[in-house]
Amino acid sequence: MKKSAFPEGFLWGGATAANQLEGAFDEGGKGLSIQDVMPNGLMTPPTEAPTSDNLKLKGIDHYHRYQEDIALLADMGFKVYRFSIAWSRIFPNGDNEEPNEEGLAFYDRILDELEKYGIEPLVTLSHYETPLNLARSYGGWSNRKLIDFYVKYATTVFNRYKGRVKYWLTFNEVNSILHQPFMGGAIEKTREEITEQELYQAIHHIMVASARATAVARTISQDFSIGCMVISVPRYPLRPRPEDAFKALRETQLDALFGDIHVNGEYPNTLLRVFKEHEIELDISEQDLVDLRNTVDFVSFSYYMSVAETTDPSAERGGGNIMGGVKNPEVEVSDWGWAIDPVGLRYALNTMYDRWHKPLFIVENGLGAVDQLVDEGTTKTVHDDYRINYMNDHLVQVEEALKDGIPIMGYTSWGCIDLISASTAEMKKRYGFIYVDLDNNGEGTLDRYRKDSFYWYKEVIATNGESLKRG
Ligand code: BG6
């Protein structure tokens, strides 16, 4: 009897971001992006100019090796490939009058390859790679002018790639700005430095930009399907105390406000109290409120981990994806201290569907781990059973959520080919099915090798989930 609950047409695949794999940071007319001055990810403040220790400048050289890379994804049987367009390849300074043709042509070539193998593209417009000039000359998303720059960029790529791209995501992990103003909002301040007023004004500008881009998309192609993209981190009360439960709820509401606006087209009531308490008065025009009504077709999200919440200030904090949070003693953690919680993915899918009633798309999930490349004589490989176990257990929970009746469009695992990590800007933290020979010092042949997980995922896709190991 058929065990798999994955529907026909489920979009299996993987995800990447331009700044983490393309390299060629100054080729093809590309301008600098904020990532080009973040050699240590979130670990130290940005530098004045690019420095040679920034692995992202070279990436995994996908800019020159995209054909080989996409052929490998096709070999795994990918149905969908999520990638981002580097905004600074299209508008090198963000405020240019005309787009850069060489940049546009590069993504044409990517789409040519995907079409060759029948792989559906899923394109992120802005994945932590705002043009640096918009950060340094305009103050990033604190400045209302960024709305127009972004909409112009979005309009340009919508027009260029219509008929070739159906699925678009407006901003990667749009709620990250609450925790990381530079990476999420191109605002060169730490969370401690930025005022709540400035932060929420920047959030407002991003929300309006996303909604206006969505409105433009509707006029360009009826075929477009537009999604927002949020970090999903389930927050559990550390203790069964009402105060902890409420803290978990309130933090969840703050994370969810981005999805609320994208889905409902208006600000949630819970925010009004936050605004009042912090004496925040936002500059919101009548037109902004009308534009926010351009809501999304689906909600996409990243899921890596859950956290605990408590009002106890002495509770130990754990590591984690951008958000961080209180350490949950009930779950194991990865080498980087991120909680491993497969059931949390089912929990996230349920809570988001209950809240938004929109189709959901898991566009990031995976395990960052240290891999050992072993020589097998004719080839080299990685025996990454830890990654296989992680993904198997998460996919089994996705299947449970499907049985819960939740419409799930697809699953793109993060960093399907090894790439530079976002939070720590290192190569050692690998997520891929494909090993890339490059180390933290930027040394290596850049050769690609299939890991054990490559063959495992290929089988999962070929059997539409039938081959998963259920407990
Ligand atoms: C998400 C980002 O936050 O997590 C990715 O969208 C990132 O860009 C991924 O790479 C994993 O984080 P890290 O820090 O391990 O690369």
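Here, residues in each chain are numbered from 1, in the same order as that chain's written sequence. Whole-chain, interface and lining totals are the exception, using all residues; otherwise, since this is a predicted model, local features are given only for residues with pLDDT of at least 70 and side-chain atom pairs are given and counted only at 80 or more. Derived side-chain values reflect all non-hydrogen atoms in the structure, with water molecules and hydrogen atoms excluded from consideration.

Taking an unreviewed UniProt entry as the reference, the chain is identified by name as 6-phospho-beta-glucosidase belonging to Corynebacterium minutissimum.

Caption draft 1: Molecular detail of the pattern of salt bridges. Any carboxyl oxygen of Asp or Glu within 4 Å of a side-chain nitrogen of Lys or Arg constitutes a salt bridge here. Summed over all chains, the structure comprises 37 salt bridges. One salt bridge in this structure joins Asp-404 and Arg-346, with 2.9 Å as the shortest N-O distance. Remark: Arg-346 occurs in helix H12 (residues 342-356) and Asp-404 occurs in the loop between helix H13 (385-403) and strand E16 (408-414); sequence separation between them is 58 residues. A 1.4 Å probe rolled over the protein chains alone gives each residue an accessible area, and that area as a share of the maximum for its type sets the label: buried under 20%, exposed over 50%, partly exposed in between. Given a relative accessible area of 28%, Arg-346 falls into the partly exposed group. Here the salt bridges share partners, and the residues they tie into one network are Glu-101, Asp-108, Asp-112, Glu-115, Arg-160 and Arg-164. The numbering of helices and of strands both runs from the N terminus, where a helix is a DSSP run of H or I of at least 4 residues and a strand a run of E of at least 2.

Caption draft 2: Inspection of the side chain of Asp-36 at higher detail. Tracing the chain through its elements places Asp-36 in the loop between helix H1 (18-21) and helix H2 (62-75). Pairs of N or O atoms are called polar contacts if they sit within 3.5 Å, as long as, within protein, a hydrogen donor faces a hydrogen acceptor (for residues adjacent in sequence, only side-chain-to-side-chain pairs). In this structure the side chain of Asp-36 is engaged in a polar contact, spanning 2.8 Å, whose partner is the backbone nitrogen of Ser-33. Only heavy atoms matter for contacts: two residues are in contact if any of them lie within 4.5 Å across the pair. In this view, Asp-36 contacts Phe-25, Lys-30, Gly-31, Pro-50, Thr-51, Asn-54 and Leu-57; residues no more than four positions away in its chain are not counted.

Caption draft 3: Structural detail: the site of the ligand. Residues in close proximity to the ligand total 15 residues, the closest being Gln-20, Glu-173, Ala-422, Ser-423 and Tyr-431. A distance of 3.4 Å separates an oxygen atom of the ligand from a polar atom in the side chain of Tyr-304. Within the side chain of Lys-429, an N or O atom sits 2.7 Å from an oxygen atom of the ligand. Residue exposure ignores everything except the shown protein chains as possible cover, and the areas themselves are Shrake-Rupley values with a 1.4 Å probe. Protein chains bury 99% of the 380 Å² of accessible surface belonging to the ligand in isolation. Any residue with a heavy atom positioned within 4 Å of a molecule or strand is treated as near that molecule or strand.

Caption draft 4: Spotlight on helix H9 (residues 242-264). In this analysis, the expected span of each helix is defined as 1.5 Å times one less than the number of residues it contains. For H9, with 23 residues, the first-to-last C-alpha span of 29 Å runs short of the 33 Å given by 1.5 Å per residue. Fitting axes to the seven residues that end at a residue and to the seven that start at it, the angle between those axes gives the bend at that residue. Maximum bend of H9: about 45 degrees, positioned at Ala-256. Looking at the residues trailing H9, positive phi occurs at Gly-265, about 75 degrees.

Caption draft 5: Seen up close, H13. The first and last C-alpha atoms of H13 sit 27 Å apart over 19 residues, in line with the 27 Å expected at 1.5 Å per residue. In the segment just after H13, Gly-405 is the residue with positive phi, at about 95 degrees.

Caption draft 6: Representation of the pairing of strand E5 (residues 225-231) in the model. Among the seven residues of E5, seven are classified as buried, and the element is accordingly described as predominantly covered. Neither face of E5 is open: one carries Ser-225, Gly-227, Met-229 and Ile-231, the other Ile-226, Cys-228 and Val-230, and all of them are buried. Each pair of strands is called paired provided DSSP finds at least two bridges between the two strands. Of the strand pairs in this sheet, E5 and strand E7 (residues 298-302) are connected by five bridges, and their pairing is parallel. Within the sheet, the bridge partner assigned to Cys-228 lies in E7 and is Val-299.

Caption draft 7: Spatial organisation of the packing of aromatic side chains. Ring geometry is summarised as follows: Phe, Tyr and Trp rings, the Trp one being its six-membered ring, pair when their centres sit within 6.5 Å, and such pairs are stacked at plane angles under 30 degrees, edge-to-face over 60 and tilted between the two. Tallied over the full model, the rule gives 30 aromatic pairs. Here Trp-12 and Tyr-457 contribute two aromatic rings whose centre-to-centre distance is 6.3 Å and whose plane-to-plane angle is 80 degrees, an arrangement assigned as edge-to-face. Remark: Tyr-457 occurs in helix H14 (residues 452-462) and Trp-12 occurs in strand E1 (residues 11-15); sequence separation between them is 445 residues. Take Trp-12: its relative accessible area is 0%, and that puts it in the buried class. Look at Tyr-457 and you get buried, because its relative accessible area is 0%.

Caption draft 8: Structural context of the nonpolar core. Side-chain atoms within 4.5 Å are what join buried Ala, Val, Leu, Ile, Met, Phe, Trp, Tyr and Cys residues into a set we call a nonpolar core. Core analysis: the largest hydrophobic core is formed by 143 residues, its most contacted members being Ile-85, Tyr-107, Trp-141, Tyr-150, Trp-168, Tyr-200 and Tyr-457. When residues of this core are assigned to their parent elements, the largest contribution, 12 residues, is made by helix H8 (residues 196-220). Those residues in contact with Trp-141, other than ones at most four positions away along the chain, are Trp-87, Thr-130, Leu-146, Ile-147, Tyr-150, Phe-171, Gly-185, Ile-187, Ala-202, His-205, Ile-206 and Ala-209. By size, the runner-up hydrophobic cluster in this structure holds 10 residues, among which are Val-80, Tyr-167, Leu-169 and Met-409.

Caption draft 9: Spotlight on the pairing of E1. Among the five residues in E1, five count as buried, and that is most of the element. Along E1, one buried face is formed by Leu-11, Gly-13 and Ala-15 and the opposite face, lined by Trp-12 and Gly-14, is buried too. Pairing of E1 with E16, which is carried by five bridges, proceeds in the parallel orientation. Bridge assignment links Ala-15 to a residue of E16, and that residue is Trp-414. With three bridges connecting them, E1 and strand E2 (residues 80-84) associate as parallel partners.

Caption draft 10: Highlighting the environment of Gly-432. Inspection of the secondary structure assignment puts Gly-432 in the loop between E16 and strand E17 (434-436). With 417 residues separating them in the primary sequence, Gly-432 and Ala-15 have C-alpha atoms 9.8 Å apart. Not counting residues within four places of it along the chain, the set of residues in contact with Gly-432 comprises Asp-384, Arg-387, Gly-415, Cys-416, Ile-417, Asp-418, Lys-451 and Ser-453.

Caption draft 11: Quick look at unusual backbone geometry. One non-glycine residue with positive phi stands out, namely Ala-186, at about 55 degrees. For Ala-186, the position within the fold is in the loop between helix H7 (181-185) and H8. Residue Ala-186 is classed as buried on the basis of its relative accessible area of 0%. Phi is positive for Ala-425, which is not a glycine, with a value near 55 degrees. Examined against the element boundaries, Ala-425 turns out to sit in the loop between E16 and E17.

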